[in-house]
Amino acid sequence: MKHVFMQGSHAAAPVLLLLHGTGGSERDLIGLAQLVSPGSSILGVRGNVLENGMPRFFRRLAEGVFDLEDLKLRTAELNDFLDTAAEQYGFDRGRVVAIGYSNGANIAASLLFHYEASLIGAILHHPMVPIRDLQLPAMTNLPIFIGAGDNDPICSPQETSELEQLLGGAGAAVTVHWEQRGHQLTQSEAMAAKAWFELNFAD
Ligand code: MLT
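What counts and what doesn't
- Residues numbered from 1 in each chain as written.
- Predicted model: local features only at pLDDT ≥ 70, side-chain atom pairs only at ≥ 80, totals over all residues.
- Heavy atoms only, no water.
- Core = buried A, V, L, I, M, F, W, Y, C linked by side-chain atoms within 4.5 Å.
- Buried < 20%, exposed > 50% of the residue type's maximum accessible area, 1.4 Å probe, protein only.
- Helix = DSSP H or I, 4+ residues; strand = E, 2+ residues; numbered from the N terminus.
- Contact = heavy atoms within 4.5 Å.
- Axes fitted to C-alpha atoms, helices over the stretch in contact; angles between N-to-C directions.
- Parallel < 35°, antiparallel > 145°, perpendicular 65-115°, else oblique.
- Nonpolar A, V, L, I, M, F, W, Y, C, P; charged D, E, K, R; others polar.
- Phe/Tyr/Trp six-rings, centres within 6.5 Å; stacked < 30°, edge-to-face > 60°.
- Lys NZ or Arg CZ within 6 Å of the ring centre and 35° of its normal.
- Pairing = 2+ DSSP bridges.
- Right-handed = clockwise from strand over helix to strand, strands pointing away.

*Asks:* Which parts of the structure should I look at to understand the nonpolar core?
*Replies:* The tendency in soluble globular proteins is for nonpolar side chains to be buried side by side. Judged by nonpolar contacts, the single largest core of 41 residues is most densely connected at Leu17, Leu19, Leu43, Leu124, Met139 and Leu167. Where this core is concerned, the elements lending two or more residues are β2 (15–19), β3 (42–45), α2 (68–89), β8 (96–101), α3 (103–114), β9 (121–125), β10 (143–149) and α4 (157–169). With seven residues, the single largest contributor to this core is α3. Setting aside its immediate chain neighbours within four residues, Met139 contacts Leu112, Phe113, Leu167, Ala170, Gly171 and Ala172. Membership of the second largest hydrophobic core comes to 20 residues, among which are Val4, Ile30, Tyr101 and Phe145.

This is the structure we're talking about:
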């Protein structure tokens, strides 16, 4: 997968996996990652699917209607890519925290839904429920931050609560941060993600 890797200054800090929104690139969330954990190594990845020229991490049939076969295939592809990248760049595959926005948050949630211990934590900005009626792997005490907008037309508050319950039901320790905004990722949401990261991962 097309990607960028930046070696961090703090070897013990988790590696941050960056997953952009529709139409984004592997570099979109670098500034956010450097705010959240300045010492971490960064792996920014570009989605392999194109929708009218816009990169995405999996196909959709319509706004909010996912192609579930493609979602499964692309989730496996990303999980395999993480194994390969860990070998190539010499980072600990067991120390990856995802930061995803929108479509990127959805594939991060799909990683958690499909592969046990694929991540040791996740910051999901404006995620949806990626897939339903799946037996989720154990996520005992796995820290997850969800950033949501109470006026988000793409990820409704009901869907945010549904995702919180699904992840919590699998044992994850979910923190939901609400903004009185829509789908955009605001500075105050980024600062809340940073505070959450420091609480959970600072050594
Ligand atoms: C998706 O397709 O993953 C969601 O609708 C979010 C987005 O617009 O990318």
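*Asks:* Just to check I follow, could you spell out the packing of α2 against α3 for this structure?
*Replies:* Axes are the key here: two packed helices are described by the angle between their axes and the distance separating the axes. Following both chains from N to C, one finds α2 and α3 inclined at 85 degrees, their axes separated by 10 Å at the closest point. What the angle tells us is that α2 and α3 run roughly perpendicular. Residues Leu71, Lys72, Arg74, Thr75, Leu78, Asn79 and Leu82 of α2 lie in contact with α3, whose contacting residues are Ile107, Ser110, Leu111 and His114. Residues that form the contact of α2 with α3 fall into these classes: five nonpolar, four polar and two charged.

*Asks:* Would you explain the packing of aromatic side chains in this entry?
*Replies:* Geometrically, a pair of aromatic rings is defined through the distance of the ring centres and the angle of the planes. The full count for this structure, using the stated rule, is six aromatic pairs. Considering the side-chain rings of Phe5 and Tyr89, the 4.4 Å spacing of their centres and the 10 degrees angle between planes classify their relative orientation as stacked. Taken together, the residues span a long stretch of sequence, with Phe5 in strand β1 (residues 3–6) and Tyr89 in helix α2 at a distance of 84 residues. Residue Phe5 is classed as buried on the basis of its relative accessible area, which comes to 17%. Among the residues examined, Tyr89 registers a relative accessible area of 26% and is labelled partly exposed. Between Phe197 and Phe201, the ring centres sit 5.1 Å apart and the planes meet at 35 degrees, which makes this aromatic pair tilted. Of this pair, Phe197 and Phe201 both sit in helix α5 (residues 187–201), four residues apart, which is roughly one turn of the helix. For Phe201, a relative accessible area of 14% corresponds to the buried category. Within the aromatic cluster, the residues linked to one another by ring pairs are Phe145, Trp196, Phe197 and Phe201. The aromatic ring of Phe58 is capped on one face by Arg56, whose charged end is 5.2 Å from the ring centroid.

*Asks:* What am I meant to see in the pairing of β3 here?
*Replies:* Remark: a regular strand shows side chains that alternate across the two faces of the sheet. Burial of the side chains of β3 extends over both faces: Ile42 and Gly44 are buried on one face and Leu43 and Val45 on the other. Pairing of β1 with β3, which is carried by four bridges, proceeds in the antiparallel orientation. Following the sheet pairing, Met6 is matched in β3 by Ile42. Taken together, β2, helix α1 (residues 30–36) and β3 form a β-α-β motif whose crossover is right-handed.

Any functional reading would require information that these geometric values do not contain.
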